[in-house]
Amino acid sequence: MKGKKIRVVSFKATGVMEDMGAAAMRIPSSELYLGLQRGTVDAAVCNISTVIGRSLHEQLKYVYKLPVTAFGFGVFVTTKAWGSWPDDVKAAMADAAKWFDEIGASYANDKIYHDEFWPTVHEAGVEVIEASDEDLAALDAADDKVVEEWISQVGEETGRKAIALALGETA
């Protein structure tokens, strides 16, 4: 990745990619297709759902599978709208949220991505390259470095508490 222009979306990904010698660039996913087509970026750090949702597989020759992204999903409802809904609709929304919290990520990873998205990438002729153990170790080291630098900026107590909360742990 050294010397390559790589689209990133987060502070952490920026630090990791820069530590690996890449030029981290932030561009919205809506501009990524043209960015890849025109050479504005050489590569992109993104979730497979972004690749499929934005038809990026049409512009890609290779995908290097690294565990560097995650996604958050939420349904946001105004107080006024929520208050106008009948109790059965509110209950259905609560049940859906509970399901998503419990199995949404595993369902996406193990079912949707595995059975639908990755086959689409393969069918488009994109070569999928799995990361080696050495590459994963280098990624972990770069990741740890970025985390420690961030903690030093925000303070030990605040940083550790924020990370614990993000991981679903008691802070």
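Above this text is the structure in question.
Keep in mind that what you see is a predicted model, and the values were worked out from it rather than measured.

Asker: Summarise the packing of helix 1 (residues 11-19) against helix 6 (residues 133-154); cite the residues concerned and give the values.
Answerer: The contact between helix 1 and helix 6 brings their axes to 9 Å, and the two run at 125°. Between helix 1 and helix 6, the crossing angle belongs to the class labelled oblique. The element helix 1 and its partner helix 6 pack so that their crossing is right-handed. Residue-level inspection shows F11, K12, G15, V16 and D19 of helix 1 in contact with helix 6, the latter providing L139, A142, D143, K145, V146, V147, W150 and Q153. Classifying every residue of the contact of helix 1 with helix 6 gives seven nonpolar, two polar and four charged.

Asker: Explain the pattern of salt bridges residue by residue, including any values.
Answerer: Taken as a whole, this structure holds seven salt bridges when the rule is applied. Linking D143 and K12 is a salt bridge whose minimum nitrogen-to-oxygen distance equals 3.0 Å. A residue pair is termed long-range when its members are at least 10 positions apart, and D143 in helix 6 and K12 in helix 1 qualify at 131 residues. A residue is classified by how much of its surface remains accessible, and D143, at 22% relative accessible area, is partly exposed. Residue K12 is classed as partly exposed on the basis of its relative accessible area, which comes to 37%. The salt bridge involving E148 is made with R160; its shortest N-O contact spans 3.0 Å. Of the two residues, E148 sits in helix 6 while R160 sits in helix 7 (residues 156-166), which places them twelve residues apart along the sequence. Judged by relative accessible area, which is 40%, E148 ranks as partly exposed. R160 gets classed as partly exposed once you look at its relative accessible area, which sits at 37%.

Cut-offs applied
Residues numbered from 1 in each chain as written. Predicted model: local features only at pLDDT ≥ 70, side-chain atom pairs only at ≥ 80, totals over all residues. Heavy atoms only, no water. Axes fitted to C-alpha atoms, helices over the stretch in contact; angles between N-to-C directions. Helix = DSSP H or I, 4+ residues; strand = E, 2+ residues; numbered from the N terminus. Parallel < 35°, antiparallel > 145°, perpendicular 65-115°, else oblique. Left-handed = near helix turned anticlockwise from the far one by under 90°. Contact = heavy atoms within 4.5 Å. Nonpolar A, V, L, I, M, F, W, Y, C, P; charged D, E, K, R; others polar. Salt bridge = Lys/Arg side-chain N within 4 Å of Asp/Glu carboxyl O. Buried < 20%, exposed > 50% of the residue type's maximum accessible area, 1.4 Å probe, protein only.

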